[in-house]
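Examining the three-dimensional arrangement
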Amino acid sequence: MVGLFFFIRASTKDRTETLDLVAPEAPELTMQALTRYFQGRAYQLQSVEPMEASLQFTGMVRPSWFLAGFLTVLAAVGCLCLALVLASLFPQNGLLFLGLIWLAPAAGWFYWQRAGREEHIRLTLRSDVGADSSASQVLQITAHRDELIALQQAWTKDRLAHLGDNRAP
């Protein structure tokens, strides 16, 4: 039950991470391609900070019906197991403990209330000097872990290869 409680609680935890990508071409073209990419994923450009060479995007993350249902089912199974243990310990009140199953929808409700939130993505362009004194342009992207995974997949699948195109990726 303790593990189940922490699993349900962790389903709404903020998982912001930072990813560094080496800009393959001109940094301006890479930033434009990433701007198109994130706008294609329903993020809006919130602010541009030219002095820091950074862009900030915001977007609304919707809760998942599947995850809400999955958490509810997991909570129901957990409550049933707890009810069976309590019923075997206290056989005179055995059937009353089965009422714990009615607490299961609270898990889905908790997730649904806390999972819908505004996400922020920050793109920062910086120069790194390597060990051989060569400078390279590095894009530092701070976003939710799932967005970074999707970006890495798009980056490696070469969807962002047409950096000079004005088409959406």
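Refer to the structure printed above.
Reference entry: report on the structure contained in this document. The model shown is predicted, which means the values in this text are computed figures rather than measured ones.

Conventions we followed
Residues numbered from 1 in each chain as written. Predicted model: local features only at pLDDT ≥ 70, side-chain atom pairs only at ≥ 80, totals over all residues. Heavy atoms only, no water. Helix = DSSP H or I, 4+ residues; strand = E, 2+ residues; numbered from the N terminus. Buried < 20%, exposed > 50% of the residue type's maximum accessible area, 1.4 Å probe, protein only. Polar contact = N/O pair within 3.5 Å; in protein donor to acceptor, adjacent residues only side chain to side chain. Contact = heavy atoms within 4.5 Å. Disulfide = S-S within 2.5 Å. Expected span 1.5 Å × (residues − 1). Arc of directions from axis to C-beta. Axes fitted to C-alpha atoms, helices over the stretch in contact; angles between N-to-C directions. Parallel < 35°, antiparallel > 145°, perpendicular 65-115°, else oblique. Left-handed = near helix turned anticlockwise from the far one by under 90°. Nonpolar A, V, L, I, M, F, W, Y, C, P; charged D, E, K, R; others polar. Patch = residues over 30% accessible without salt bridge, like charges linked within 9 Å, V, L, I, M, F, W, Y side chains within 5 Å. Areas by Shrake-Rupley, 256 points an atom, 1.4 Å probe, with all protein chains shown as cover. Salt bridge = Lys/Arg side-chain N within 4 Å of Asp/Glu carboxyl O. Lys, Arg positive; Asp, Glu negative; His and termini not counted. Charge placed at Lys NZ, Arg CZ, Asp CG, Glu CD. Core = buried A, V, L, I, M, F, W, Y, C linked by side-chain atoms within 4.5 Å.

1. As for the side chain of Glu119
Within the secondary structure, Glu119 sits in strand 4 (residues 117-129). Take Glu119: its relative accessible area is 5%, and that puts it in the buried class. A distance of 3.1 Å separates polar atoms of two side chains, one belonging to Glu119 and the other to Arg117. Setting aside anything within four residues of it in sequence, one finds Glu119 in contact with Tyr43, Phe57, Thr58, Gly59, Val61 and His144.

2. Topic: the state of the cysteines
Across all of its chains, the model carries 0 disulfides by this definition. In this model Cys79 remains outside any disulfide bridge; the closest cysteine sulfur is found in Cys81, 9.4 Å from its own. A relative accessible area of 8% means that Cys79 is categorised as buried.

3. Topic: helix 5 (residues 145-156)
The end-to-end C-alpha distance of helix 5 is 17 Å, a good match for the 16 Å that 12 residues give at a rise of 1.5 Å each. Of all the residues in helix 5, the buried ones are Glu147, Leu148, Ala150, Leu151, Ala154 and Trp155. Viewed along the axis of helix 5, the buried residues span an arc of 160°, placing them on a single side of the element.

4. Things to note about the packing of helix 3 (residues 65-89) against helix 4 (residues 105-115)
Helix-helix packing is described using two parameters, namely the angle between the two axes and the distance between the axes. For the pair helix 3 and helix 4, interaxial distance at closest approach is 7 Å and the crossing angle is 150°. In this view, helix 3 runs roughly antiparallel relative to helix 4, as classed from their interaxial angle. The crossing of helix 3 and helix 4 is right-handed. Packed against helix 3, whose contacting residues are Trp65, Leu67, Ala68, Leu71, Thr72 and Ala75, the element helix 4 presents Pro105, Ala107, Gly108, Tyr111 and Trp112 at the interface. Of the residues belonging to the contact of helix 3 with helix 4, the class tally is 9 nonpolar, 2 polar and no charged.

5. Concerning a positive patch on the surface
Among the surface-exposed residues, Arg9, Lys13, Arg114 and Arg145 lie close enough to one another that they form a single positively charged patch. Structurally, Arg114 is set in helix 4. In this structure Arg114 comes out as partly exposed when scored by relative accessible area, which is 47%.

6. So, the nonpolar core
By size, the foremost hydrophobic cluster in this structure holds 20 residues, and its most contacted members are Leu34, Phe38, Phe57, Ile121, Leu123, Ile141 and Leu151. Those elements that provide at least two residues to this core are strand 1 (16-22), helix 2 (27-40), strand 3 (54-61), strand 4, strand 5 (135-144) and helix 5. Among the elements that line this core, the one with the most residues is helix 5, at 5 residues. Counting 9 residues, the second largest nonpolar core, distinct from the first, contains Ala68, Leu71, Tyr111 and Ala115.

7. Here we look at the environment of Leu86
Relative to the assigned elements, Leu86 resides in helix 3. Between the alpha carbons of Leu86 and Leu96 there is a distance of 9.6 Å; along the sequence they are 10 residues apart. Setting aside residues no more than four positions away along its own chain, Leu86 makes contact with Phe97 and Leu100.

8. Here we look at the pattern of salt bridges
Evaluation of the coordinates by the stated rule reveals 3 salt bridges. Measuring nitrogen to oxygen at the nearest pair gives 3.1 Å for the salt bridge that ties Glu49 to Arg122. Of the two residues, Glu49 is situated in strand 2 (residues 44-49) and Arg122 in strand 4; the sequence distance between them amounts to 73 residues. Arg122 sits in the partly exposed class, given a relative accessible area of 24%. Of the charged contacts in the structure, one is a salt bridge between Arg117 and Glu119, with a shortest N-O distance of 3.1 Å. Of the residues examined, Arg117 reaches a relative accessible area of 21% and is grouped as partly exposed.

Interpretation note: all reported values are geometric properties and have no functional meaning in isolation.
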